[in-house]
Amino acid sequence: MTFSDKPDIIAEGNFIQFVRRGTWEYVTRRGISGIVALIAVTVDRKLVLVEQYRPALGARVIELPAGIAGDGMHKGETLEAAARRELLEETGYAPGELRLVATGAASAGITDEIISLFLARGLRKVGLGAGDGTEELALHEIPLEEVGTWLKEKCDGGVLVDLKVFSAVYFAGFEEKKPAHPGSR
């Protein structure tokens with residue numbers, strides 16, 4: 001299958017475009033430079049998650065703190081700056097350490113979004129969080145060793161879980177098992 005370099009716009013709204021490349025149709029966001037999501041771990045080993053209602057799914061969803069980079073008044077913003085901003089905005093935490101751990105497709109069959117996952121450690125509570133005023137977020141801080149059980153209970157109660165949360169559990173645990181520096185045991 002051959003695709004042209006530039007997709008044809010089928011329809012567009014304020015924030016997204018519905019496009020076609022060859023015979024493939026998909027959605028793209030307008031005017032952004034990326035998507036960031038944060039694996040935020042407190043000093044007492046709790047994973048910071050948010051819960052909010054998502055109209056596209058008609059349900060509440062457990063998610064990582066996340067957001068868009070480079071949109072609106074944030075034009076030219078780096079992914080790291082967006083990650084710091086989103087973490088503070090949604091959770092009230094500022095990271096002591098912030099490191100990119102993975103980048104990948106969100107849902108390759110329907111969107112061209114690429115998500116950059118950042119690991120945030122050494123968190124300091126410096127604000128209230130709760131979103132940008134257009135969101136209704138519930139903040140959860142779950143001990144890493146209890147995340148699996150907690151997520152199952154939420155699912156049993158009808159709440160959905162964004163799959164990136166499971167990646168977060170992996171990266172949070174993986175980072176704890178890595179040597180402190182090369183050659184250490």
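For clarity, every value in this text was computed on a predicted model and none was experimentally measured.

K.L.:
Can you break down the sheet that holds strand 1 (residues 8-12) residue by residue, with the values?
P.N.:
Sheet strands associate in pairs through backbone hydrogen bonding, adopting either a parallel or an antiparallel arrangement. Read from one edge of the open sheet, 3 strands run 1-2-3, paired in antiparallel fashion. Whereas interior strands pair on both sides, the edge strands pair on one side only; in this sheet they are strand 1 and strand 3 (24-29). Averaged over all neighbouring strand pairs, the angle between strand axes comes to 30 degrees, with direction disregarded. For strand 2 (residues 16-21) and strand 3, the ladder comprises 6 bridges, and the chain directions are antiparallel. Paired with R21 across the strands is W24, a residue of strand 3.

K.L.:
I'd like to hear about helix 2 (residues 147-156), residue by residue, with values.
P.N.:
At 3.6 residues per turn, the α-helix brings residues three or four places apart onto the same side. Restricting attention to buried positions, one finds in helix 2 the residues V147, W150 and L151. Buried residues along helix 2 cover an arc of 100 degrees about the axis, so they all sit on one side. Away from its buried face, by an angle of more than 90 degrees, helix 2 presents the exposed residues G148, T149, K152, E153 and D156. Looking at the residues trailing helix 2, positive phi occurs at G158, about 95 degrees.

K.L.:
Talk me through the nonpolar core; I want residue IDs and the actual numbers.
P.N.:
I39, L47, L49, I62 and L64 are the most contacted members of the largest nonpolar core, which totals 22 residues. Mapped by element, the contributors of at least two residues to this core are strand 4 (34-41), strand 5 (46-54), strand 10 (114-121), helix 2 and helix 3 (164-177). L47 has contacts with I39, A40, V41, H140, E141, I142, L144, V147, A168 and V169, leaving out every residue within four places of it along the chain. Membership of the second largest hydrophobic core comes to 13 residues, among which are A40, A83, L98 and A120.

K.L.:
Which residues make up the confidence of the model for the protein chain, and what values go with them?
P.N.:
This prediction gives the protein chain a mean pLDDT of 83; 86% of its residues lie at or above 70. Contacts from residues 177-185, a stretch scored under 50 in pLDDT, to residues over four places away or in other chains number 2 contacts.

K.L.:
How would you summarise the pairing of strand 4 if you had to cite specific residues and measurements?
P.N.:
By the criterion of burial, strand 4 is predominantly enclosed, with 8 of the 8 residues buried. Here strand 4 shows no split at all, with G34, V36, L38 and A40 on one side and I35, A37, I39 and V41 on the other all buried. By the bridge criterion, 4 bridges tie strand 4 to strand 7 (residues 66-69) in an arrangement that is antiparallel. Residue pairing in the sheet places V36 in a bridge with G67 of strand 7. Relative to strand 5, strand 4 is paired through 2 bridges, and the arrangement is antiparallel. By the bridge assignment for strand 5, V41 is matched with L47. If you look at the hairpin formed by strand 4 and strand 5, you'll find 4 residues sitting between the two strands, and R45 has a positive phi there, around 65 degrees.

Basis of the calculations
- Residues numbered from 1 in each chain as written.
- Predicted model: local features only at pLDDT ≥ 70, side-chain atom pairs only at ≥ 80, totals over all residues.
- Heavy atoms only, no water.
- Pairing = 2+ DSSP bridges.
- Helix = DSSP H or I, 4+ residues; strand = E, 2+ residues; numbered from the N terminus.
- Axes fitted to C-alpha atoms, helices over the stretch in contact; angles between N-to-C directions.
- Buried < 20%, exposed > 50% of the residue type's maximum accessible area, 1.4 Å probe, protein only.
- Arc of directions from axis to C-beta.
- Core = buried A, V, L, I, M, F, W, Y, C linked by side-chain atoms within 4.5 Å.
- Contact = heavy atoms within 4.5 Å.
- pLDDT = per-residue confidence, 0-100.

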